[in-house]
Amino acid sequence: MGSRTEQPAHSVDQDGPHRRRDAGYALLALAWALADLRIITLMMPKVLVRSAEVLEGVVNREPLWRVYQNRLLGPHLVQAFGSFTVGGPAVAYALVMLLVLFLAGFSVLMFTRRLRDPDRTPLASLLLYQLGVILLLPCYWLYAWDILSLLVFTVFVGMVLLGSGRLWFVLLYAIAVLNHEMAFFIAAWLILDPVVRHFAARRAQGPRPAFDRVTLLIGSALLVAGIALVEGLRRALMIREMQPGLEVPPQVVYGKSFHFTLLNNLTAIGNCFEQVMQNGFPVVIPLFLAFTVFVAVRLARIDLARFGALSLVLLGMVGSLMLFGLVYETRVLLPLVPFVALNGWAAIRGRAPGETTGR
């Protein structure tokens, strides 16, 4: 009986510092979220209002573009916040933004704390995360699905690093697919990870683990179901597309399911040294993309079995953004920020996350 009464007191003593640290992390994440929101409202007040109006269009089934109609999570979340706030859709959107930015920053801190990686402390990862967010925030549009992608992919990359079970990825995918088509890359990781691990095991010496067909089949089913869901929502919900197909940027090919933007992106990157001051030093965008590619390649070389599939997914995301997104509409690059934040320092140091040095 004595030992049973002493154990709770010992647990309380042990948990106290952890709770204080987590509370400090929460305050730090909230402070950064408030700073990010202040930057948005001061630098881009018209962007905030215009973007909130586009979100209303999705809820009313009259999206700016057809490809927005399936991105329901953010617009309906803003509408829900608007039901108990005053000030209109822009204020509701700002509150959703604050909540999501806080949760994403806090998730960066908590995932890195759980990893206990000496090469990537929570504060260092949060620094990379905030640098990425601030770098990409100035843009012409900023939609709820762009901000939510920060949280979605922070959770995704964190679960990969922690080795979470398949069910968690299925649950995350079920939510993420209602936010943006980038969720397809979560299913792609479930397909690629067993293949990459099998290939890496064949190259290594020692016993070879059995090929994980279950994960591959789950990923394949999720990908097919997600594609069908996206197209089904667009067909079932949209009343009319507000932006005519002819009103697209130069060198962009309009499409009902996606817009082909590669030529526009290549031209913009090729001209990034022109009008440097007027365009806000646009060279930083290809530099960010190059660093993302470096981190992906570096991690795959460090530990192919553990991180090869994640690296392939991120390279695929960069490729898809070049093909179907306007990279100088920098909001579209926000899904890459969690990957860089959670892996950047480890890649620079040359060791995989969670790898010890024996010192």
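Residues numbered from 1 in each chain as written. Predicted model: local features only at pLDDT ≥ 70, side-chain atom pairs only at ≥ 80, totals over all residues. Heavy atoms only, no water.

Caption draft 1: Molecular detail of the overall build of the protein chain. Along the backbone of the protein chain there are 13 helices and zero strands. When the helices and strands of the protein chain are listed from N to C terminus, the series reads α-α-α-α-α-α-α-α-α-α-α-α-α. Classification of the 359 residues of the protein chain by burial places 48% in the buried group. Taking as baseline every contact in the protein chain between residues at least 6 positions apart, the subset at least 24 positions apart corresponds to 77%. Carbon and sulfur atoms make up 66% of the accessible area of the protein chain, which totals about 17700 Å². (Helix = DSSP H or I, 4+ residues; strand = E, 2+ residues; numbered from the N terminus. Buried < 20%, exposed > 50% of the residue type's maximum accessible area, 1.4 Å probe, protein only. Contact = heavy atoms within 4.5 Å. Areas by Shrake-Rupley, 256 points an atom, 1.4 Å probe, with all protein chains shown as cover.)

Caption draft 2: Spotlight on helix 9 (residues 213-237). Given a rise of 1.5 Å per residue, 25 residues ought to cover 36 Å, and the 36 Å separating the end C-alpha atoms of helix 9 matches this to within 8%. For helix 9, the set of buried residues is Thr-215, Gly-219, Leu-222, Gly-226, Val-230, Leu-233 and Arg-234. Along its buried surface, helix 9 packs onto helix 7 (166-176) and helix 8 (184-203). (Expected span 1.5 Å × (residues − 1).)

Caption draft 3: The arrangement of the packing of aromatic side chains in detail. Taken as a whole, this structure holds 14 aromatic pairs when the rule is applied. Seen in terms of ring centroids, Tyr-68 and Tyr-143 are 5.3 Å apart; in terms of plane orientation they differ by 65°. Their pairing is edge-to-face. Of this pair, Tyr-68 sits in the loop between helix 2 (45-59) and helix 3 (73-82) while Tyr-143 sits in the loop between helix 5 (122-136) and helix 6 (144-162); the two residues are 75 residues apart in sequence, bridging distant segments of the chain. Members of the aromatic cluster, joined through ring pairs, are Tyr-68, Trp-141, Tyr-143 and Trp-145. Geometry around Trp-141 places Arg-50 over its ring, the cationic atom sitting 5.0 Å from the centre. (Phe/Tyr/Trp six-rings, centres within 6.5 Å; stacked < 30°, edge-to-face > 60°. Lys NZ or Arg CZ within 6 Å of the ring centre and 35° of its normal.)

Caption draft 4: Here's a closer look at the environment of Leu-342. Within the secondary structure, Leu-342 sits in helix 13 (residues 337-349). Of the residues examined, Leu-342 reaches a relative accessible area of 0% and is grouped as buried. For the pair Leu-342 and Thr-154, spaced 188 residues apart in the sequence, the C-alpha separation amounts to 8.0 Å. Residues in contact with Leu-342, not counting those within four places in the same chain, are Val-108, Thr-112, Arg-120, Thr-154, Val-157, Gly-158 and Leu-161.

Caption draft 5: Looking closely at the side chain of Arg-120. Along the chain, Arg-120 turns up in the loop between helix 4 (89-115) and helix 5. What makes Arg-120 buried here is its relative accessible area of 0%. Engagement of the side chain of Arg-120 in a polar contact is seen with the side chain of Asp-117, the distance being 2.9 Å. For Arg-120, the side chain forms a polar contact with the main-chain oxygen of Leu-342, separated by 2.3 Å. (Polar contact = N/O pair within 3.5 Å; in protein donor to acceptor, adjacent residues only side chain to side chain.)

Caption draft 6: Layout of the pattern of salt bridges. Applying the stated criterion to the full structure yields 13 salt bridges. Ionic pairing is found between Arg-306 and Asp-303, a salt bridge with its closest N-O pair at 3.9 Å. Overall, Arg-306 belongs to the partly exposed group, its relative accessible area being 32%. (Salt bridge = Lys/Arg side-chain N within 4 Å of Asp/Glu carboxyl O.)

Caption draft 7: Structural detail: the packing of helix 8 against helix 12 (residues 304-324). Relative to each other, helix 8 and helix 12 sit at 140°, their axes nearing to 7 Å. In terms of orientation, helix 8 lies oblique with respect to helix 12. Both helix 8 and helix 12 take part in a crossing whose hand is right-handed. The segment helix 8 lies against helix 12, with Phe-185, Ala-188, Trp-189, Leu-192, Asp-193, Val-196, Arg-197, Phe-199, Ala-200 and Arg-203 engaging Leu-304, Ala-305, Arg-306, Gly-308, Ala-309, Leu-310, Leu-312, Val-313, Gly-316, Met-317 and Ser-320. For the contact of helix 8 with helix 12, a count of residues per class yields 14 nonpolar, three polar and four charged. (Axes fitted to C-alpha atoms, helices over the stretch in contact; angles between N-to-C directions. Parallel < 35°, antiparallel > 145°, perpendicular 65-115°, else oblique. Left-handed = near helix turned anticlockwise from the far one by under 90°. Nonpolar A, V, L, I, M, F, W, Y, C, P; charged D, E, K, R; others polar.)

Caption draft 8: Seen up close, unusual backbone geometry. The phi torsion at Arg-61 lies on the positive side, around 65°, for a residue other than glycine. Looking at where Arg-61 falls in the secondary structure, it is placed in the loop between helix 2 and helix 3. Non-glycine residue Arg-116 carries a positive phi angle of around 55°. Tracing the sequence through the fold places Arg-116 in the loop between helix 4 and helix 5.

Caption draft 9: Structural detail: the packing of helix 10 (residues 262-270) against helix 12. Helix 12 packs onto helix 10 with a crossing angle of 95° between their chain directions and a minimal axis gap of 6 Å. In terms of axis orientation, helix 10 runs roughly perpendicular to helix 12. On the side of helix 10, the interface is formed by Leu-262, Asn-265, Leu-266 and Ile-269, while helix 12 contributes Leu-321, Met-322 and Leu-323. The residue makeup of the contact of helix 10 with helix 12, split by class, is six nonpolar, one polar and no charged.

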